[in-house]
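# Summary of the model geometry
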Amino acid sequence: MEDTMTYKPVISALTLFPLYHQIGAPFFNGKNVSNFMLQWEDLTMDWLDGPYIKKVPLDCEKIIGKYIKTLGTYIHSNN
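Below, the structure is looked at part by part. Nothing here was measured: the structure is a model prediction, and the numbers come from that model.

## Side note on the overall build of the protein chain
When helices and strands are counted, the protein chain shows four helices and zero strands. Along its sequence from the N terminus, the protein chain presents helices and strands in the succession α-α-α-α. For the protein chain, restricting intrachain contacts to residue pairs at least 6 apart in sequence, the fraction spanning at least 24 positions comes to 39%.

## Points about unusual backbone geometry
Backbone geometry places N32, a non-glycine residue, at a positive phi of 55 degrees. Inspection of the secondary structure assignment puts N32 in the segment before α1 (33–43).

## Re the side chain of D59
Mapped onto the secondary structure, D59 falls in the loop between α2 (49–55) and α3 (62–68). Residue D59 is classed as buried on the basis of its relative accessible area of 1%. Leaving out residues up to four positions away in the same chain, D59 has contacts with F17, Y20, P26, F27, F28, F36 and W40.

## A look at the nonpolar core
By size, the foremost hydrophobic cluster in this structure holds eleven residues: F17, F28, F36, W40, Y52, I53, V56, C60, I64, I68 and Y74. Looking at this core, the elements with two or more residues in it are α1, α2 and α3. If we ignore the near neighbours within four places in the chain, the residues touching Y74 are I53, K54, P57, I68 and K69.

## Things to note about the pattern of salt bridges
Evaluation of the coordinates by the stated rule reveals one salt bridge. A salt bridge links K55 to D59, with the shortest nitrogen-to-oxygen separation between them at 3.4 Å. Of the two residues examined, K55 and D59, each falls in the buried class.

## Description of the side chain of T44
The topology assignment puts T44 in the loop between α1 and α2. Residue T44 is classed as buried on the basis of its relative accessible area of 3%. Once residues lying within four places of it in the same chain are set aside, the contact partners of T44 are F17 and Y52.

## Observations regarding the environment of L38
With respect to the helices, strands and loops of the structure, L38 is situated in helix α1. The exposure class of L38 is exposed, given its relative accessible area of 52%. For the pair L38 and P26, spaced twelve residues apart in sequence, the C-alpha separation works out to 9.5 Å.

## Focus on the environment of I53
Counting through the fold element by element, I53 comes out in helix α2. The class for I53 is buried, based on a relative accessible area of 18%. For the pair I53 and K69, spaced 16 residues apart in sequence, the C-alpha to C-alpha distance is 9.5 Å.

Cut-offs used in this document
- Residues numbered from 1 in each chain as written.
- Predicted model: local features only at pLDDT ≥ 70, side-chain atom pairs only at ≥ 80, totals over all residues.
- Heavy atoms only, no water.
- Helix = DSSP H or I, 4+ residues; strand = E, 2+ residues; numbered from the N terminus.
- Contact = heavy atoms within 4.5 Å.
- Buried < 20%, exposed > 50% of the residue type's maximum accessible area, 1.4 Å probe, protein only.
- Core = buried A, V, L, I, M, F, W, Y, C linked by side-chain atoms within 4.5 Å.
- Salt bridge = Lys/Arg side-chain N within 4 Å of Asp/Glu carboxyl O.

As C-alpha cells, then:
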C-alpha cells in the first residue's frame, strides 16, 4: 500500500520586537510623532489592542509615558 498523504512543511515567521534603547527600537522623545507612529504600527501590525496600548509608554520618554498612562484609552485597555 502506498502512502498517499502529502506532507507540506510548516513555515512560520517569528517577529521579534526590539528591546528598549536597542537599535531599531521605536522611541518617542516628543519630536517626530508621525515617524514614531509609523514605525510603531509597522512593528505591532498583528497585535491585539491591549498589549499594543500597554507597550506604548515604555517606548517613550519617561514623562510622556507617565502622561499616556493617565489617558482613558490606556486605563480601559486593562479590560
